[in-house]
Amino acid sequence: MNGPMRAVSSRCFSFASVTMKSRRSWSVTASDLARNTFNPIRTVVESMKLTPNPEKPMIALSIGDPTIFGNLCPSEEIVEAVVESVRSMKYNGYAPSTGYEESRKVVASYVSVPGAAVEAKDIILCSGCSCALDLCISVLANPGQNILVPRPGFPLYRTLAEGLGIRTKFYDLKPENGWEVDLEQLEAQIDDQTAAIVLNNPSNPCGSVYSREHLSAILQIAARNFVPIIADEIYDYFVFPGHEFHPVASLTNEVPILTCGGLTKRYLIPGWRMGWIVVHDRNEALSQEVRKGLQSLSQRIIGSSTVLQGALSRILTQTPPEFFQSTIAQVYDNAQLAHQLLSGLPGMKPIMPSGAMYMMVGVDMTNFPEFENDLQFVERMVTEQSVFCLPGRCFDYPNYFRIVLTVPELQLREACHRIGQFCTSHFVAPINLGKEEAMSNNHIHHELHNGIVTIIEP
């Protein structure tokens, strides 16, 4: 084509292009993944009206970061390990997507226990435990399938799954049994689309630590139904006196398990972002596809911090036992203090944790009729007392709130006293029971004198 015909054709093409472009506008849409992703805690908290009392300094018992108050810090050995890694100039570049061989070997030695020994090939280093959970959920489940998650439970499981079109189904934990799993209900929730059971032990938000017997019962259910387990064990060994942590993978030779862990909580360095996946490949059920799938998924983000990988050997082998003992002692003392102070409050039922960093506190809403739900209860407590606790709805468990136990003792004591003032001022006794009689039914109760809460032992 040449001459006038080419010119006409060009003009037609240009006109068509302009017409097509004119139908578009600068309205850029988000992906389905972005639209479907939400964080339940953020969704709940951002909908709340939080206006602290200007006459009282804010005490946030809501933040699950053990470093936020400055009273819990990593040991000198941990800090020096990172300094040495930086100064060595060996860890400034890219590592293999699953981590350096030497670093994975150190983690394998650290997590291996009788009944669950692993090698470097079974370790994938990740950017924190949340990244490990993301990879595990992504590798096991397809859109339309489901994973079983605890209720109450860490909301990130839902965030990671539902953004990918993976459904979450709840299995309930029993507060009257120390937050053990309702085993019958757990098994009833399994169907032919169930891709995995998420097991969190020790637990956030409950602070529960499961016995060997209870873990074995859960494993029997998984084995009968051929469902693998994603074990969130980021609080491993963070248990209080009288309790013992059992890695769930050490209790089975049959159920394939992907265990997620890391340095975040026990080593008090959540911002350093070092986590890992441990592949417990029972019966080689994970060998054909899942191992390769984890390798492929890890290549999306090119692995975890190389500086931290270079420091892992010293961190995991040279951190003194006294460091862990001191941290647990402080949190345990706080747990005992909070449980004692809150147990005597009218309408409150704190459940003593066995480990981790949290305590769930039940609220008998019938004693606080002016509030429609736990959200309003928590909102007003911020407004009047400048104490912020996460409402149970953040964990899909209404009529509770969660408190963090890593606060300095004086602030925790003050916060509990303010909660006492709030409960006493809003408590309404049941019909046919006076307020004094209702309060005296508590084993320990609080008296208010000029705004000061005093614990009265019967």
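Here the structure is a predicted model, which means the values were calculated and not measured.

> Before we move on, could you go through the packing of aromatic side chains and cite the residues and values that matter?
This structure, assessed with the given rule, holds 18 aromatic pairs. Pairing Phe371 with Phe377 gives two aromatic rings, centres 5.6 Å apart and planes at 80°, and the pair type is edge-to-face. Under the relative-accessibility criterion, Phe371 is labelled buried at 4%. Every member of this aromatic cluster is reached through a ring pair, and the members are Phe368, Phe371, Phe377, Phe401, Phe422 and Phe427. Sitting over the ring of Phe324, Arg266 keeps its end group 3.9 Å from the ring centre.

> How would you explain helix 9 (residues 212-225) if you had to name every residue and give the values?
The end-to-end C-alpha distance of helix 9 is 20 Å, a good match for the 20 Å that 14 residues give at a rise of 1.5 Å each. All buried positions along helix 9 are accounted for by His214, Leu215, Ala217, Ile218, Leu219, Ile221, Ala222 and Ala223. Where helix 9 is buried, its residues meet strand 5 (180-181), helix 8 (183-189), strand 6 (194-200), strand 7 (229-232) and strand 8 (257-262). Just beyond helix 9, the residue with positive phi is Phe226, at close to 55°.

> Please provide a residue-by-residue account of unusual backbone geometry, values included.
Pro152 follows Arg151 through a cis peptide bond whose omega is 0°. By the element assignment, Pro152 lies in the loop between strand 3 (146-151) and helix 7 (156-162). Of note, the amide linkage connecting Asn204 to Pro205 takes the cis form, showing an omega dihedral of 25°. Looking at where Pro205 falls in the secondary structure, it is placed in the loop between strand 6 and helix 9. Unlike most non-glycine residues, Phe226 shows phi in positive territory, near 55°. Tracing the backbone shows Phe226 in the loop between helix 9 and strand 7.

Definitions and limits used
Residues numbered from 1 in each chain as written. Predicted model: local features only at pLDDT ≥ 70, side-chain atom pairs only at ≥ 80, totals over all residues. Heavy atoms only, no water. Phe/Tyr/Trp six-rings, centres within 6.5 Å; stacked < 30°, edge-to-face > 60°. Buried < 20%, exposed > 50% of the residue type's maximum accessible area, 1.4 Å probe, protein only. Lys NZ or Arg CZ within 6 Å of the ring centre and 35° of its normal. Helix = DSSP H or I, 4+ residues; strand = E, 2+ residues; numbered from the N terminus. Expected span 1.5 Å × (residues − 1). Contact = heavy atoms within 4.5 Å.

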